[in-house]
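# A closer look at the structure
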Amino acid sequence: MSEYLFDGLKVIDAATVIAGPAAAMMLADFGADVVKIEEPKRGDMLRWLSTMPGTRDGAKDYMWQMDGRNKRSIALDLKNEKGLAILLELIAQCDVFITNMPYPSREKFKLCYEDVVSSNPAMIYASLTAYGEHGKERDRKGFDQLAYWARSGLMDLMRQPGTRPTQGLPGMGDHPTAVSIYAGIVTALLKRERTGEGSFVQTSLLANGLWSNSATAQGVFAGADLNRYRTSSDSPHYTFRVYQTKDGRWLQFNMVRNEELLNLWFTAMDATDILVDEKYSTPGSMYQYRAELCTRIEEIIVTRSSAEWLDIFDAYGVPVNRIGTLEDLPNDPQIAQNRMISEPSIAGVYDGHVVNHPVQVSGVKHADMRGAPRLGENSRDILEELGYDDTEINRLLESGAVALSESRS
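Model, not experiment: these values are computed from the prediction.

Right, let's talk about the environment of Gly209 for a bit. Within the secondary structure, Gly209 sits in helix 9 (residues 205-212). The spatial distance from the C-alpha of Gly209 to the C-alpha of Arg395 is 46 Å, given a sequence separation of 186 residues. The residues touching Gly209, leaving out its near neighbours within four places in the chain, are Tyr148, Ser152 and Leu154.

Let's shift gears to the sheet that holds strand 9 (residues 321-322). As summarised here, the arrangement of the three strands in space is 7-8-9, forming an open sheet in which the pairing is antiparallel. Edge positions in the open sheet fall to strand 7 (242-244) and strand 9, since each of these has one partner strand only. Pairing geometry for strand 8 (residues 250-252) and strand 9, over two bridges, is antiparallel. When the sheet's bridge partners are listed, Gln252 is paired in strand 9 with Asn321. Along the sheet face, helix 16 (residues 306-316) touches strand 8 and strand 9 and points at about 25° away from the line of strand 8.

The geometry of a pair of packed helices is captured by two quantities: the angle between their axes and the separation between those axes. The N-to-C vectors of helix 9 and helix 10 (residues 214-221) enclose an angle of 90°; their axes lie 5 Å apart at closest approach. When the interaxial angle is binned, helix 9 and helix 10 end up roughly perpendicular. Here helix 9 contributes Leu210, Trp211 and Ser212 to the contact with helix 10, which in turn contributes Ser214, Ala217 and Phe221. The residue makeup of the contact of helix 9 with helix 10, split by class, is four nonpolar, two polar and no charged.

As a further point, take the packing of aromatic side chains. Enumeration according to the criterion identifies 11 aromatic pairs in this entry. Arranged with centres 5.3 Å apart and planes meeting at 50°, the rings of Tyr113 and Phe200 form a pair that is tilted. Pair noted here: Tyr113 is in helix 5 (residues 113-116) and Phe200 is in strand 6 (residues 199-204), with a separation of 87 residues, a long-range link. For Tyr113, a relative accessible area of 18% puts it in the buried group.

Time to look at unusual backbone geometry. Its identity as a non-glycine residue notwithstanding, Asn70 has a phi of 60°, on the positive side. On the secondary structure map, Asn70 appears in the loop between helix 2 (62-67) and strand 3 (71-76). Of note in this structure, Asp270 is not a glycine but carries a positive phi near 55°. Considering the arrangement of structural elements, one finds Asp270 in the loop between helix 12 (259-268) and helix 13 (272-276). Under the relative-accessibility criterion, Asp270 is labelled exposed at 67%.

A word on the side chain of His366. With respect to the secondary-structure elements, His366 resides in the loop between strand 11 (354-355) and helix 18 (379-385). Under the relative-accessibility criterion, His366 is labelled buried at 13%. A distance of 3.3 Å separates a polar atom in the side chain of His366 from a polar atom in the side chain of Arg339. Residues in contact with His366, not counting those within four places in the same chain, are Tyr4, Asp29, Phe30, Arg339, His357 and Val359.

Procedures and definitions
Residues numbered from 1 in each chain as written. Predicted model: local features only at pLDDT ≥ 70, side-chain atom pairs only at ≥ 80, totals over all residues. Heavy atoms only, no water. Helix = DSSP H or I, 4+ residues; strand = E, 2+ residues; numbered from the N terminus. Contact = heavy atoms within 4.5 Å. Pairing = 2+ DSSP bridges. Axes fitted to C-alpha atoms, helices over the stretch in contact; angles between N-to-C directions. Parallel < 35°, antiparallel > 145°, perpendicular 65-115°, else oblique. Nonpolar A, V, L, I, M, F, W, Y, C, P; charged D, E, K, R; others polar. Phe/Tyr/Trp six-rings, centres within 6.5 Å; stacked < 30°, edge-to-face > 60°. Buried < 20%, exposed > 50% of the residue type's maximum accessible area, 1.4 Å probe, protein only. Polar contact = N/O pair within 3.5 Å; in protein donor to acceptor, adjacent residues only side chain to side chain.

So this is what it looks like as structure tokens:
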């Protein structure tokens, strides 16, 4: 019996940046042999994304180490006829091929599904686009900031009234999209197990952004009045507001949803005078005077620290959350105890713990966490597996069709 669920599964990661490579990483975490295809010289942009302005300072290439782990790398120049031929050889032998290459490039190199499926009919071809496989925007490029966050309507809605739309965080759309790609691949593998047939799997950043926004967007498709929704958002319900504490932290009370919890909430705040005030005698009147009520709650919450309030509300059974900060996460026991982070198996490769993908299945073992490969680190080994001898490999290296780096020490 295989040690890992995907032992023996051959995956070609011909995608770049985050969403496609992260899906390949998930397969690698469960034991798949993932070969990362990269252009020589700079490789995947994900390798140096951590050094861009606005990202964490002073760290190693942490984005590459997180999403590039447990893979092997071969550096191929696809503009070189021999480099492209090697990729086609790998595709002909793989189980899964993942790409987000723009369609004009796929068409130029004849790497569309229709071009390669005849060489490997049982292959799972996973295609990621920004805006979908059809329509005039099929060829359009886009990061998750554009297609997932902005185009889906999320960017417009997730802001305070009267403020300009806010840019999203790096990878906030890519990583959920990676889970969709992974789910599509695993579904196609189950289909292949039952029918012997390969599949074309596709998703897009826009489709995943729309899905993330679907609880609101579905109302629009059903004819809802969005202006009414926006108006209510301008002056939210008092339980949907966040309140700042004495130490500058924020508390959230969205789970206070019934009269019993409401009574406990105001009792815990020593504000029972609000409960007996005729002005707030019904849910309707409390909503009517919600702006005034929010102000009164703000004046109470700011008198104590967040830690003090958490203890008080816990004693009364009031469901409250302190809005977390990134600095809280390394010391959050809930994250560690539920294997949301892991220690790498190779010391010195990562800075501290590494964030795991969110898929956990009982009885399905994760592979030991190995560092992400150097650019072209495994080029020679992969070519040897394809049947190339030293003389042929050296010719490929000399021609520039393949690049090679020194092995990790």
